[in-house]
Amino acid sequence: MDPDYEQKLEAAVRRELNTLGELSAPPGLETRILRAIEQRATAPWHRQAWTNWPQPLRFASVMVLLVAFGGLCFGAWYFTHTTAFATAWESVSGALSGFDLFRRTLKLLANSIELAFTSLGPVFIAGIAVMLASAYALCIGLGTIYVRLAFGRRET
Amino acid sequence: MTEAQQFEAFLHDHQNMVFSTAMRLLAKQSDAEDVTQEVFLCAYQRFVELRESPTAGGWLRTVATNLSLNHLKRYRSRWSFFSDVFSRTDDGGDEYVIELPSEVAVGGDEQLVATERRELVERALQSLIPAQRVPLVLHHFEGLSYEEIAARLGVSLGKVKTDIFRGREELRRKLRLELGTESK
């Protein structure tokens, strides 16, 4: 293979591509764009982007959101101080006590894994990691070869 | 001249450039038209700045490129690990070779030959698979370096180099380009 093949190929393709000018836009495109702009401009304010809303409406919408957020915060705070909430919280806590067993099991499992790691030593763990990485790379490689053989273009 | 008339003139002056940018990246006329429309809708919102700006053309080109790439990202499976394997095109596959005009047949009419030649090159470019066409267009028409293309498309530098090389090879094959005295 010619060592300069890549440079020659690039030069030849560049020469061809440099001859290309701009493509002509389809005749109806200009009208279509102007119509779209007109439609967008004449659309009612509530169908436009928030940034295009009239100034007073934007201000009003921000105020409404702030008031709603404030009301929500106050409502939540007020609710947590009622007796109904305290009763409900007690019953929920009772129902969730079953999860404590699950949490303790997980903790036990984590402790076992930690113990296994410390007793096996870092070299063994590193070896396992290298083996897993190699197996993963092998799978990827074999998969690539398979797909290329199965679907690759056949040169004529 | 009213603002609407100014925008109309602006649109008229730049629509071919924006459409070309989108068309070469997307290789589908309806998509390129959609992107062109979107670009000019954005431009209309910023027309006060763009009207006086000497870099308005560059801005339009950048927006067209970004929107086209977003479009590809959204609607096509691309840059996948096996992207280079599936090299069939939409319009009939990989094996077609463009019929070149014969200079003798047209009686030496150089301008006609050149025009036909440009059309063929354009068709050949648009027939490339996206994984090859997009980096090639970004490199040749948008002037991006390989590194910039890799960053833009979120792929490795090696993949960009490989795809561009394969794209050039495909063009050479389809256009039957002569490279001089080389032998592959």
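Let us look at the structure shown here. (Residues numbered from 1 in each chain as written. Chains lettered and ligands numbered in written order. Predicted model: local features only at pLDDT ≥ 70, side-chain atom pairs only at ≥ 80, totals over all residues. Heavy atoms only, no water.)

1. Describing a nonpolar patch on the surface
Residues and elements named next belong to chain A. Note the cut-off: Surface patches are drawn from residues lacking salt bridges whose relative accessible area is over 30%; two like charges belong together within 9 Å, two nonpolar side chains (Val, Leu, Ile, Met, Phe, Trp, Tyr) within 5 Å. Method for areas: the Shrake-Rupley scheme with a 1.4 Å probe, in which residue coverage is limited to the protein chains shown. A side-chain nitrogen of Lys or Arg and a carboxyl oxygen of Asp or Glu constitute a salt bridge if their distance falls within 4 Å. In DSSP terms, a helix is any run of H or I states spanning at least four residues, a strand is any run of E spanning at least two, and both are numbered starting from the N terminus.
Where nonpolar side chains cluster on the molecular surface, the patch consists of Trp-89, Val-92, Leu-96, Phe-99, Phe-102, Leu-106, Leu-109, Ile-113 and Phe-117 and spans about 970 Å² of accessible area. Breaking the nonpolar patch down by element, the ones donating at least two residues are α4 (83-96) and α5 (98-120). At six residues, α5 tops the list of elements feeding residues into the nonpolar patch. Topologically, Leu-106 is positioned in helix α5.

2. Describing the side chain of His-71 of chain B
Residue and element names in this part refer to chain B. Rules: Under the scheme applied here, a residue whose accessible area is under 20% of the maximum for its type counts as buried, over 50% as exposed, and between as partly exposed, the area being computed with a 1.4 Å probe on protein chains only. Between N or O atoms, a polar contact is any pair within 3.5 Å; within protein, one atom must be a potential hydrogen donor and the other a potential acceptor, and residues adjacent in sequence are included only when both atoms are from side chains.
With respect to the element layout, His-71 can be found in helix α4 (residues 56-75). For His-71, a relative accessible area of 13% gives the class buried. Among the polar contacts made by the side chain of His-71, one reaches the side chain of Asp-31 at a distance of 3.3 Å.

3. Focus on the packing of helix α7 (residues 146-153) of chain B against helix α8 (residues 157-175) of chain B
All names here are of chain B. As a reminder, the rule being used: Axis angles are defined between N-to-C directions and span 0 to 180 degrees, where every axis is a line fitted to C-alpha atoms and, for a helix, only to the segment in contact. Put simply, angles under 35 degrees are roughly parallel, angles over 145 are roughly antiparallel, angles from 65 to 115 are roughly perpendicular, and the rest are oblique. Note on contacts: a residue pair is in contact if any heavy atoms of the two residues lie within 4.5 Å.
Running from N to C, α7 and α8 point in directions that differ by 110°, and their axes come no closer than 9 Å. As far as their axial angle goes, α8 and α7 are roughly perpendicular. Side by side, α7 and α8 meet where Tyr-146, Glu-147, Ile-149 and Ala-150 of the first sit next to Leu-157, Val-160, Lys-161, Ile-164 and Arg-168 of the second.

4. With respect to the packing of aromatic side chains
One pair of aromatic rings is described through two measures. These are the centre distance and the angle between the planes. Filter applied, for reference: Pairing of aromatic rings covers Phe, Tyr and the six-membered ring of Trp, with a centre-to-centre limit of 6.5 Å; geometry is then stacked below 30 degrees between planes, edge-to-face above 60, and tilted otherwise. Any Lys NZ or Arg CZ that is within 6 Å of a ring centre and within 35 degrees of that ring's normal is treated as a charge sitting over the ring.
Tallied over the entire structure, the rule returns ten aromatic pairs over all chains. Consider the rings of Phe-7 of chain B and Phe-10 of chain B, whose centres lie 6.0 Å apart with planes at 35°: the pair is tilted. Of this pair, Phe-7 of chain B and Phe-10 of chain B both sit in helix α1 (residues 3-26), three residues apart, roughly one helical turn. Just as Phe-7 of chain B is buried, Phe-10 of chain B falls in that class too. Taking the centre distance of 5.0 Å and the plane angle of 80° together, the rings of Phe-7 of chain B and Tyr-44 of chain B count as edge-to-face. In this pair, Phe-7 of chain B sits in helix α1 while Tyr-44 of chain B sits in helix α2 (residues 29-45), placing the two residues 37 residues apart along the sequence. Relative accessible area serves as the criterion here: at 35%, Tyr-44 of chain B is assigned to the partly exposed category. A network of ring pairs unites the aromatic residues Phe-7, Phe-10, Phe-40, Tyr-44 and Phe-47 of chain B as a single cluster. One cation-aromatic arrangement involves Arg-58 of chain A over Trp-50 of chain A; the distance from NZ or CZ to the ring centre is 5.7 Å. Against the face of Phe-141 of chain B rests Arg-24 of chain B, its NZ or CZ located 4.6 Å from the ring centre.

5. A look at the interface of chain A and chain B
Our working rule: By definition, the buried area sums, over both parts, the 1.4 Å-probe accessible area that each loses when the two are put together. Each residue gets one of three labels, nonpolar for Ala, Val, Leu, Ile, Met, Phe, Trp, Tyr, Cys and Pro, charged for Asp, Glu, Lys and Arg, and polar for the others, Gly among them.
Contacts between the two partners involve 40 residues from chain A, matched on the other side by 52 residues from chain B. When chain A packs against chain B, the two sides together hide about 4,300 Å² of surface, and 64% of this comes from carbon and sulfur. With a shortest N-O distance of 2.5 Å, Arg-32 of chain A and Asp-34 of chain B are connected by a salt bridge. Scanning the region where chain A abuts chain B turns up eleven residue pairs in polar contact (both at pLDDT 80 or more). Broken down by secondary-structure element, the contributors of at least two residues to the side of chain A that touches chain B are α1 (5-18), α2 (29-42) and α6 (122-151) of chain A. It is α1 of chain A that contributes the most residues to the side of chain A that touches chain B, eleven residues altogether. Looking at side-chain class alone, the side of chain A that touches chain B contains 18 nonpolar, eight polar and 14 charged residues.

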